[in-house]
Amino acid sequence: MATVFVITVLLALWGYRIVNTRLPDSEVISVDSATTFDESGLSILALGDSYTIGENVEIFERWPMQLAFRLQRKAFAVAKPTFVADSGWMTTDLSEAIRSRKLSQAYDLVFLMIGVNDQYRGSPEEDFRQHFKVVLDQAIQLASDDAAKVFAIEIPDWGATPFGAFNKPAQIDQQIAAFDMIIQNECRTAGVVVIPLTNISREVWWNPSKLLTDDDLHPSGLTYARWADHLMPFIENKLSNGIER
């Protein structure tokens, strides 16, 4: 509780918008309790940075893996997710990695979560817009040029973490909001659904010792499970309408 109080005071001093909702219960599904992946099932491609690759957590705790496990529980046959992501990647790094991997598979579901490192390193908004458009086009191409199979996800707000509390969190909040708006606008033009996540990502301040890893910055497996729960209705709605394969 002392940690939460300190973070709350720091965020308030910076004029930060504190989230007043508590994290609901979520289950971290383990490998042992998951169904075996079916390589003929739904193919999932996860594109991103440390939030996608799951810095400091086990592979099965990454949110794309937790999402796949949840789809299995809903009786969907799912192939093991493919990752093109790494810690510290900006949009340009991701774009280059996609080109170097030369992915040729037509994925059924493509997830794109990128931009936090562009914000962290001070990229101008127009530069981010141009670079995001490139990687968004790549994501659509990897989904058989079907924008309806692509889901962009808002940028998590690291300003709500203990690490972020000492790095001008109100400024981080404003910059991420600006980048999220760019993501919204570009995806609207391309016909891609954007899943809101920034506000939910701020819930970690309620219990950082449980919802973050030891670096006081990156989400824990429990937080990623929460994100997977949040994503599920969007994905189920898509799958209920059918996917052309």
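Given the structure is predicted, the values throughout are model-derived calculations rather than measurements.

> Can you tell me about the overall build of the protein chain, naming the residues and giving the values?
The number of helices and strands found in the protein chain is 11 helices and 5 strands. Counting every position in the protein chain, which comprises 245 residues, the buried fraction comes to 56%. Taking all contacts inside the protein chain whose residues are at least 6 apart in sequence as the whole, residues at least 24 apart take part in 82%.

> Break down the environment of Asn167 for me, with residues and values.
Summarising the element assignment, Asn167 is placed in the loop between α7 (162-165) and α8 (169-190). Since its relative accessible area comes to 33%, Asn167 is described here as partly exposed. In this view, Asn167 contacts Trp158 and Ile172; residues no more than four positions away in its chain are not counted. There is a polar contact of 2.6 Å between the side chain of Asn167 and the backbone oxygen of Phe163.

> So what's going on with the pairing of strand β1 (residues 44-48)? Which residues, and what values?
Here β1 lies mainly inside the structure; 5 of its 5 residues are buried. Strand direction decides the pairing type here: β1 and strand β3 (residues 109-113), joined by 5 bridges, are parallel. The partner of Ile44 across the bridge, within β3, is Leu109.

> Which residues make up the packing of aromatic side chains, and what values go with them?
What describes a pair of aromatic rings is the distance from one ring centre to the other and the angle between the planes of the rings. Tallied over the entire structure, the rule returns 9 aromatic pairs. Ring centres of Phe111 and Phe151 lie 5.8 Å apart, and the angle between their planes is 25°; on these two criteria the pair is classed as stacked. Separated by 40 residues along the polypeptide, Phe111 in strand β3 and Phe151 in strand β4 (residues 150-153) bring together distant segments of the chain. Just as Phe111 is buried, Phe151 falls in that class too. Among the aromatic side chains, those forming a connected cluster through ring pairs are Tyr51, Tyr224 and Trp227.

> So what about the packing of helix α6 (residues 125-141) against α8? Which residues, and what values?
For any two helices packed against each other, one specifies the crossing angle of their axes together with the interaxial distance. One way to put it is that α6 packs onto α8 with a least axis distance of 10 Å and a crossing angle of 40°. What the angle tells us is that α6 and α8 run oblique. Between α6 and α8 the crossing geometry is right-handed. Between α6 and α8, the contacting residues are Glu125, Phe128, Arg129, Phe132, Lys133, Leu136 and Ile140 on the first element and Ala178, Phe179, Ile182, Ile183, Glu186, Cys187 and Ala190 on the second. A class-by-class count of the residues in the contact of α6 with α8 yields 10 nonpolar, no polar and 4 charged.

> Which residues make up the sheet that holds β3, and what values go with them?
Here we have 5 strands laid out as an open sheet, ordered β2-β1-β3-β4-β5, and parallel in their pairing. In this open sheet, the two edge strands, each paired with only one partner strand, are β2 (82-85) and β5 (193-195). Here the strands of the sheet are splayed against their neighbours by 20° on average, with no regard to which way each runs. Sheet topology places β3 next to β4; 3 bridges connect them, and they run parallel. For Phe111, the partnering residue across the bridge sits in β4 and is Phe151. Seen against the sheet, helix α4 (residues 91-101) touches β1, β2 and β3 and runs at an angle of roughly 135° to β2.

> Tell me about the pairing of β4, and name the residues and values.
Side chains Val150 and Ala152 of β4 all project onto a buried face; the interleaved residues Phe151 and Ile153 project onto the opposite face, where all are buried too. The sheet contact formed by β4 and β5 spans 3 bridges and is parallel. Bridge pairing in β5 places Phe151 opposite Val193.

> Describe the pattern of salt bridges, with residues and values.
Evaluated as defined, the whole model comprises 9 salt bridges. Linking Arg202 and Asp157 is a salt bridge whose minimum nitrogen-to-oxygen distance equals 2.8 Å. Of this pair, Arg202 sits in the loop between α9 (198-201) and α10 (208-211) while Asp157 sits in the loop between β4 and α7; the two residues are 45 residues apart in sequence, bridging distant segments of the chain. With respect to burial, Arg202 and Asp157 carry one shared label: buried. We note a salt bridge from Asp173 to Arg202, for which the minimum N-O separation is 2.8 Å. In this pair, Asp173 is assigned in helix α8 and Arg202 in the loop between α9 and α10, connecting sequence segments 29 residues apart.

Calculation criteria
- Residues numbered from 1 in each chain as written.
- Predicted model: local features only at pLDDT ≥ 70, side-chain atom pairs only at ≥ 80, totals over all residues.
- Heavy atoms only, no water.
- Helix = DSSP H or I, 4+ residues; strand = E, 2+ residues; numbered from the N terminus.
- Buried < 20%, exposed > 50% of the residue type's maximum accessible area, 1.4 Å probe, protein only.
- Contact = heavy atoms within 4.5 Å.
- Polar contact = N/O pair within 3.5 Å; in protein donor to acceptor, adjacent residues only side chain to side chain.
- Pairing = 2+ DSSP bridges.
- Phe/Tyr/Trp six-rings, centres within 6.5 Å; stacked < 30°, edge-to-face > 60°.
- Axes fitted to C-alpha atoms, helices over the stretch in contact; angles between N-to-C directions.
- Parallel < 35°, antiparallel > 145°, perpendicular 65-115°, else oblique.
- Left-handed = near helix turned anticlockwise from the far one by under 90°.
- Nonpolar A, V, L, I, M, F, W, Y, C, P; charged D, E, K, R; others polar.
- Salt bridge = Lys/Arg side-chain N within 4 Å of Asp/Glu carboxyl O.

None of the figures reported here should be taken as evidence of function without further support.
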